[in-house]
Amino acid sequence: MVTDTHIDAAAEGHIPIQTTVKTRRWLAVGRFASPYWFLPKFGTNLANVPFETHMLLLELADNTYACILATVDVASGVRATLSNAGKPKRTYDWLRSTCGGDTPLHILWYAGKTGIAANTSVTLAAVAVGRDAMKLPALAARAAGLPEPLSKDNMPPFCSSLMWCTWDSFYHKVSAKDVRAALSHMHRGGLVPGAVLIDDGWQDTGGHYGEPWLEEHGNDHTLRALKATADKFPAGLRSLVDDLKKGFGVQHVGVWHTAIGYWGGVHATLARELGCELTSAAVRIAQWKKGSPHVSVTLPAGKNALKFFRQYHSAIAAEGITFVKVDSQNVMEMASMELNWGRYELVRSVQEALNESARQLDRSVTDSTTPPPILHCMAMSNNTMFALAKFGGGVLRNSDDYYPGLPAQAQTNHVFVNAMNAMFTSTCMLPDWDMFQTHPYEDEQGNVDPLAHRACRTHATARAVSGGPVYVSDKSGKSNFALLRSLAVSPTRVLQPDRAALPTRECLFHDMSGGAYDTPKHSRHSSGSLVMRSLGKLVQRLHACRRRLWPKPPAEEVALCLKVSNLCAAGRIGIIGAFHTHRWLHGDVACDCNPEDVHDLTLEDRVVVYAREADSLWVSSRRSNRFFNVRTLHLPVCGCEVITYVPMRASEVVAPLGLLDKLVGAAAVLSWDCSSDGLSARCKLLRDTLNDGASKFGFYCSRPPTSVAVVENLLKTTYGCSWEHEYRDADGFLIVNVQCELARWKGIESHTVELKFV
């Protein structure tokens, strides 16, 4: 259902939503702490639904669910959000709200400009109601006109490669020399990423890097030239790109820029050279910082945006750049409001310019509905989603930054926020869970959080399960290559599930992080190590105070771990990523392994279950009451687990588990079939090219196989390939180790394993 209304010519207003059924619990996703990023909020009382809610998922008292999406009316540019009705004015209203009654929500709408005709009909929200909460956000998004999200088959090419980003390694000090040194180290470690992203610090900005509010007034932080800064990239980008591609085998090289060129926009001299007119607006970019000043930004708007980005992307394409990360996108909304253009007009025009001009970077993108190679960042808003709808969606950063300098137990909040935000963002975009580091963070004294190694593995597992791009920002010489190899089968092929990861039903209305956590911006930067240490000490003291005042957290917090689900093998295999994300809880959390956790997996009466970290394999069967047998695992602080579910038909004797050395090994399963008599089975799986030609495959077999063979063509011949297998009678676990000669098997991506039971 799409809700329409008529508005007058005012710039903004509100419309109440009356609820006739009592609400038990709700999940809200919106911009609650920053104008750039979404956060989840939870509650039981509609009077507490926060301002700037974009999606509201309700559990109702009649055992149904409702999802409300605030929309953007593209024709008129009117943008809507959701909020509570404000503080009750009468005693009766106050009693109703505190008792969880039908206190109305409000749809807040913003035109931000005059000139809208009176009684204009606009669409402000899309509503879906039903008994399956997991399906409702997507149904509401389709009703609102948002496109289907990207899948791994039509995502931009750089998203399927293992990627390294310069940001947390060098920050603004990045140089061509540093990038070459980092790639040389990775080459010596035996794994060079298939894609490299050169983040903030490469552009010619007159030496003024970073956000304008971080330095003294007078440094305009604007883009001075289309080429790289000569002091750090003396031979330009072309020389570096050629070295990365020809010398190291990197296939995709991308660069960073903002939606207005640089943080402060475009310098007047460059604009004159390009023939672009600039528009100035004073915006308060750092709205999360109390007392932050308004900063003047100069940006090409309207037709000038297309003229600017065409020339900019043409210039970097000539340097060999194949994709871009576009940051600070929501500043366009602020500038548009300041200029009285409405909150959507500038966003729409710049997104149209970006999506047209960025197609120069990847000539394979010819369909106008296929997204160009852009990673959209600081763009979490329904403005961006609706502006991108006509281009088929895109890849959207799904949370605030990953901060390696935070204490390990606080870092797990990043995983939790990404999982809950995905309930909204995955309806039309491919969520990007951000970069991470495979090695622990060290301060200037060499101190390392004792849980840091465990947190690194948790971050890697979360990215592997997410279904989005997987990229690291390891410092040069610090990479954990074993962890990197567990993410991919080749530098250009990350093992990715079939869709975007979503929290399971039991997690939808629970805060498993211990509450909201606002991260100071400086804790991420190398120059902020003193801040990081102070923050770490503060968090430790808060932990100690909490333990003294509340020695036992609520029972619900003890019981719940975060679980996110996904699918592999064209939907035939389900996976669960389970995480201990509670930063106040210092004991284990329970993780119930239930096949029904994967909401869109078609189940049979038997389901094979494999817990990777525990190395435990069993078969879960339906009981007479139609529920499955459930086994409980326990996760330590900052711990994680990947659980694979493979439904088995009555005639099947084999269930493939995939590559056992990978975090999401089930994503290596391409197809399998069993004969109707149960005497043979054939499984096609991706082979591992990162382990000297060795691939370790796992299967469940209901009885020992009489023969195991690797067959690759109709003649059933294999050259330069050997294999051996081991069968565990206790649990039916079959392990097949295949060794190939790399030279003979170059270019062959898969193995076909044939099992016989005669």
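Our structure's up above, just so we're on the same page.
Notes on the structure in this doc start here.

Rules behind the numbers
- Residues numbered from 1 in each chain as written.
- Predicted model: local features only at pLDDT ≥ 70, side-chain atom pairs only at ≥ 80, totals over all residues.
- Heavy atoms only, no water.
- Pairing = 2+ DSSP bridges.
- Helix = DSSP H or I, 4+ residues; strand = E, 2+ residues; numbered from the N terminus.
- Axes fitted to C-alpha atoms, helices over the stretch in contact; angles between N-to-C directions.
- Expected span 1.5 Å × (residues − 1).
- Buried < 20%, exposed > 50% of the residue type's maximum accessible area, 1.4 Å probe, protein only.
- Salt bridge = Lys/Arg side-chain N within 4 Å of Asp/Glu carboxyl O.
- Parallel < 35°, antiparallel > 145°, perpendicular 65-115°, else oblique.
- Contact = heavy atoms within 4.5 Å.
- Nonpolar A, V, L, I, M, F, W, Y, C, P; charged D, E, K, R; others polar.
- Phe/Tyr/Trp six-rings, centres within 6.5 Å; stacked < 30°, edge-to-face > 60°.
- Lys NZ or Arg CZ within 6 Å of the ring centre and 35° of its normal.
- Left-handed = near helix turned anticlockwise from the far one by under 90°.
- Polar contact = N/O pair within 3.5 Å; in protein donor to acceptor, adjacent residues only side chain to side chain.
- Core = buried A, V, L, I, M, F, W, Y, C linked by side-chain atoms within 4.5 Å.

Okay, the sheet that holds strand S32 (residues 669–674) next. Pairing within the open sheet is antiparallel, and its four strands lie in the order S32-S33-S38-S35. Looking at which strands have only one partner, the edges of the open sheet turn out to be S32 and strand S35 (707–710). Ignoring which end each strand starts from, the neighbouring axes of this sheet average 15 degrees apart. Alignment of S35 against strand S38 (residues 750–756), held across four bridges, turns out to be antiparallel. Within S38, the position partnered with valine 710 by the bridge is valine 753.

As a further point, take helix H11 (residues 408–425). Compared with an ideal rise of 1.5 Å per residue, which puts 18 residues at 26 Å, H11 spans 26 Å between its outermost C-alpha atoms and is within 8% of the ideal. Burial analysis of H11 places 18 of its 18 residues in the buried class, the great majority of the element.

Scanning the model with the defined rule gives 32 salt bridges in all. With its nearest N and O atoms 3.1 Å apart, the salt bridge here joins arginine 348 to glutamate 352. Here glutamate 352 and arginine 348 lie together in helix H9 (residues 345–357), a separation of four residues that amounts to about one turn. Arginine 348 gets classed as partly exposed once you look at its relative accessible area, which sits at 21%. With relative accessibility at 25%, the residue glutamate 352 sits in the partly exposed group.

Between helix H4 (residues 176–188) and helix H5 (residues 236–248), whose axes approach to 10 Å, the crossing angle comes to 10 degrees. Comparing the axis directions of H4 and H5 gives the class roughly parallel. Counting all contacts with H4, which are made through Ala176, Val179, Arg180, Leu183, Ser184 and His187, the residues of H5 involved are Ser239, Leu240, Asp243, Leu244 and Phe248. Along the lines of polarity and charge, the residues of the contact of H4 with H5 split into six nonpolar, three polar and two charged.

Now for the packing of aromatic side chains. The relative placement of two aromatic rings is captured by the distance of their centres and the angle of their planes. A complete count under the given rule lists eleven aromatic pairs for this structure. When the ring of tryptophan 256 is compared with that of tyrosine 262, the centres are 5.6 Å apart and the planes differ by 80 degrees; the resulting orientation is edge-to-face. Grouping residues by exposure puts tryptophan 256 and tyrosine 262 together as buried. Through a chain of ring-to-ring contacts, three or more aromatic side chains come together here, namely Trp256, Tyr262 and Trp263. It is arginine 572 that lies over the ring of tryptophan 672; its NZ or CZ is 3.6 Å from the centre. It is arginine 631 that lies over the ring of tryptophan 618; its NZ or CZ is 4.2 Å from the centre.

Strand order in the open sheet formed by four strands is S31-S34-S37-S36, with antiparallel pairing between adjacent strands. What marks the edges here is a single partner per strand, and that holds for strand S31 (654–659) and strand S36 (721–728). Across the sheet, the axes of successive neighbouring strands diverge by a mean angle of 20 degrees, strand direction being ignored. Relative to strand S37 (residues 733–740), strand S34 (residues 694–701) runs antiparallel, the two being bridged by seven bridges. By the bridge assignment for S37, phenylalanine 697 is matched with valine 736.

Once that is clear, we can look at the pairing of strand S30 (residues 640–648). Burial within S30 is extensive, with nine of its nine residues counted as buried. Relative to S30, strand S25 (residues 573–579) runs antiparallel, the two being bridged by six bridges. Bridged to phenylalanine 579 within S30 is cysteine 640. As judged from the six bridges shared by strand S27 (residues 606–611) and S30, these two strands associate in the antiparallel manner. Across the sheet, arginine 606 pairs through a bridge with methionine 648, a residue of S30.

What follows covers the pairing of strand S28 (residues 616–621). Note on strand geometry: in a regular strand, side chains alternate between the two faces of the sheet. Relative to S28, S27 is paired through six bridges, and the arrangement is antiparallel. Directly across from alanine 611, in S28, lies its bridge partner serine 616. Hairpin connection of S27 to S28: four residues between the antiparallel strands, including aspartate 615 at a positive phi of 50 degrees.

The next subject is H5. The terminal C-alpha atoms of H5 lie 18 Å apart, and with 13 residues this matches the ideal 18 Å at 1.5 Å per residue to within 8%. Regarding H5, the residues found buried are Gly236, Leu237, Leu240, Val241, Leu244 and Phe248. Backbone geometry just after H5 places glycine 249 at a positive phi near 80 degrees.

Take unusual backbone geometry next. Its identity is not glycine, yet glutamate 52 carries a phi of approximately 70 degrees, on the positive side. Residue position: glutamate 52 is located in the loop between strand S4 (39–43) and strand S5 (53–60). Glutamate 52 gets classed as buried once you look at its relative accessible area, which sits at 7%. A positive phi angle, near 65 degrees, is found at asparagine 63, a position not held by glycine. Here asparagine 63 shows up in the loop between S5 and strand S6 (65–70). For asparagine 63, a relative accessible area of 47% corresponds to the partly exposed category.

At their nearest, the axes of helix H7 (residues 303–318) and H9 sit 9 Å apart, and the two run at 30 degrees to each other. In this view, H7 runs roughly parallel relative to H9, as classed from their interaxial angle. Seen from above, H7 lies across H9 with right-handed handedness. Here H7 contributes Ala305, Leu306, Phe309, Arg310 and His313 to the contact with H9, which in turn contributes Val350, Ala353, Leu354, Glu356 and Ser357. By residue class, the composition of the contact of H7 with H9 is six nonpolar, two polar and two charged.

Moving on, we come to the side chain of histidine 172. Looking at the secondary structure, you find histidine 172 in the loop between helix H3 (167–170) and H4. There is a polar contact of 3.0 Å between the side chain of histidine 172 and the side chain of aspartate 200.

Once that is clear, we can look at the side chain of asparagine 304. When you line up the elements, asparagine 304 lands in helix H7. Owing to a relative accessible area of 16%, asparagine 304 belongs among the buried residues under this scheme. Within the structure, asparagine 304 has its side chain in polar contact with the backbone nitrogen of glutamate 277 (distance 2.9 Å). Filtering out sequence-adjacent residues up to four positions away, asparagine 304 remains in contact with Gly275, Cys276 and Glu277.

Turning our attention to the nonpolar core. Ranked by size, the top nonpolar core spans 180 residues in total, and within it Ile198, Trp202, Val654 and Phe699 carry the most contacts. Broken down by element, the residue count for this core peaks at eight residues, all from H11. Every residue in contact with isoleucine 198, bar those within four places of it in the chain, is listed here: Thr166, Val174, Phe233, Leu237, Leu240, Val253, Gly254, Val255 and Trp256. In terms of nonpolar packing, the next biggest core, distinct from the first, is built from 22 residues, Ile17, Trp26, Leu46 and Val78 among them.

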